[in-house]
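As a plain string of letters, each chain reads:
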Amino acid sequence: QANPAWSEVDHYITELLAPADEALTGALAASTAAGLPEIAVAPNQGKLLHLLAAAQGARNILEIGTLGGYSTIWLARALPADGRLITLEYDPAHADVARANIARAGLDKLVEVRTGAALDSLPRLEEEGAGPFDLVFVDADKVNNPRYVEWALKLSRPGTLIIVDNVVRGGKVATAHPDDPAITGTREMFELVAREPRLDATAFQTVGTKGHDGLLLARVVG
Ligand code: SAM
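Calculation notes
- Residues numbered from 1 in each chain as written.
- Predicted model: local features only at pLDDT ≥ 70, side-chain atom pairs only at ≥ 80, totals over all residues.
- Core = buried A, V, L, I, M, F, W, Y, C linked by C-beta atoms within 7 Å.
- Buried ≥ 20, exposed ≤ 12 C-beta atoms within 10 Å, placed from the backbone.
- Helix = DSSP H or I, 4+ residues; strand = E, 2+ residues; numbered from the N terminus.
- Contact = placed C-beta atoms within 7 Å.
- Pairing = 2+ DSSP bridges.
- Axes fitted to C-alpha atoms, helices over the stretch in contact; angles between N-to-C directions.
- Parallel < 35°, antiparallel > 145°, perpendicular 65-115°, else oblique.
- Near = placed C-beta within 6 Å.
- Nonpolar A, V, L, I, M, F, W, Y, C, P; charged D, E, K, R; others polar.

(A) How the structure looks around the nonpolar core. With 58 residues, the main nonpolar core has I61, L75, V138, I162 and V164 as its most contacted residues. Element by element, the count of residues in this core is highest for helix 4 (residues 70–76), at five residues. Apart from the residues lying within four places of it in its own chain, the contact partners of V164 are V138, N145, V149, M189, L215 and L216.

(B) Inspection of the environment of E188 at higher detail. Mapping E188 onto the fold places it in helix 8 (residues 181–195). For the pair E188 and N144, spaced 44 residues apart in sequence, the C-alpha to C-alpha distance is 9.4 Å.

(C) Looking closely at the sheet that holds strand 3 (residues 111–115). Read across the sheet, seven strands follow the order 3-2-1-4-5-7-6 without closing on themselves; strand pairing throughout is mixed. Edge strands, defined here as strands with exactly one partner in the open sheet, are strand 3 and strand 6 (199–208). Each adjacent strand pair in this sheet contributes to an overall mean axis angle of 15°, direction not counted. Two strands pair when backbone bridges link them, and strand 6 and strand 7 (residues 211–220) are joined in this way by 10 bridges, in the antiparallel orientation. Note on strand 7: the bridge partner recorded for Q205 is G214.

(D) Highlighting the packing of helix 1 (residues 4–17) against helix 3 (residues 43–55). Remark: helix 1 packs on helix 3, axes separated minimally by 9 Å, with the N-to-C direction vectors making an angle of 50°. It follows that helix 1 is oblique to helix 3 by the angle criterion. The segment helix 1 lies against helix 3, with D10, I13, T14 and L17 engaging P43, N44 and K47.

(E) Fine view of the site of the ligand. Around the ligand, the surrounding shell holds 18 residues, and the nearest of these are A40, G65, Y70, S71 and Y90. When contributions to the shell around the ligand are tallied by element, the ones reaching two or more residues are helix 4 and strand 2 (84–89). Across the shell around the ligand, the residue classes tally to 10 nonpolar, four polar and four charged.

Right under this line is the structure:
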């Protein structure tokens with residue numbers, strides 16, 4: 001039910017406000033060539049992540065779900081020269097493509113791609129004292145969204161911004177779908193955020209080249 005106008009408008013906005021450069025185009029091309037699924041954020045969404053990281057003055061960013069490192073590049077470009085981004089990726093093939101893309105973007109000094117299930121990597125980050133992170137972007141297996149938000153909260157400070165992608169899924173999120181673990185996980189995550197007094201949040205729907213979806217933004221307030 002995608003409307004062709006959504007893509008036209010995305011292209012219009014992207015050309016003016018989030019134009020591609022060699023590193024970004026190259027990251028997408030290398031990801032496609034390596035057979036990765038084409039599920040990176042859209043360019044104007046990447047630019048939104050970049051602006052939010054910059055507005056946040058982020059120096060320490062955590063990303064859960066790297067794929068080919070496309071969103072990683074947008075986020076890492078908002079970091080200062082001594083900043084740091086850790087991105088967690090389950091699939092070693094995705095992580096390899098991402099490392100090459102990140103190096104080609106000249107960001108390998110700032111970015112570390114960690115391979116493994118995020119739920120294994122996150123406790124290690126806590127042991128290492130890697131937090132608090134200024135911004136956490138959650139974009140991995142949606143069934144674990146509640147766990148990822150709990151971990152993001154654990155690794156945060158008051159003022160941390162937590163962003164969760166794909167929270168609308170063509171509108172399915174509004175009703176229970178017991179047979180769809182991604183929806184069940186996302187709805188549990190919404191309920192957790194709603195009852196968590198340390199989080200102040202909203203979510204909004206988006207349409208565009210990626211269809212009808214949405215983002216959740218939560219600020220740690222205590
Ligand atoms: N953030 C990326 C971007 O916009 O360029 C897209 C990430 S893609 C939607 C989701 C990624 O999460 C995939 O590369 C997938 O392999 C990874 N993933 C899935 N399950 C995971 C897990 N348990 N731990 C870490 N990463 C996982």
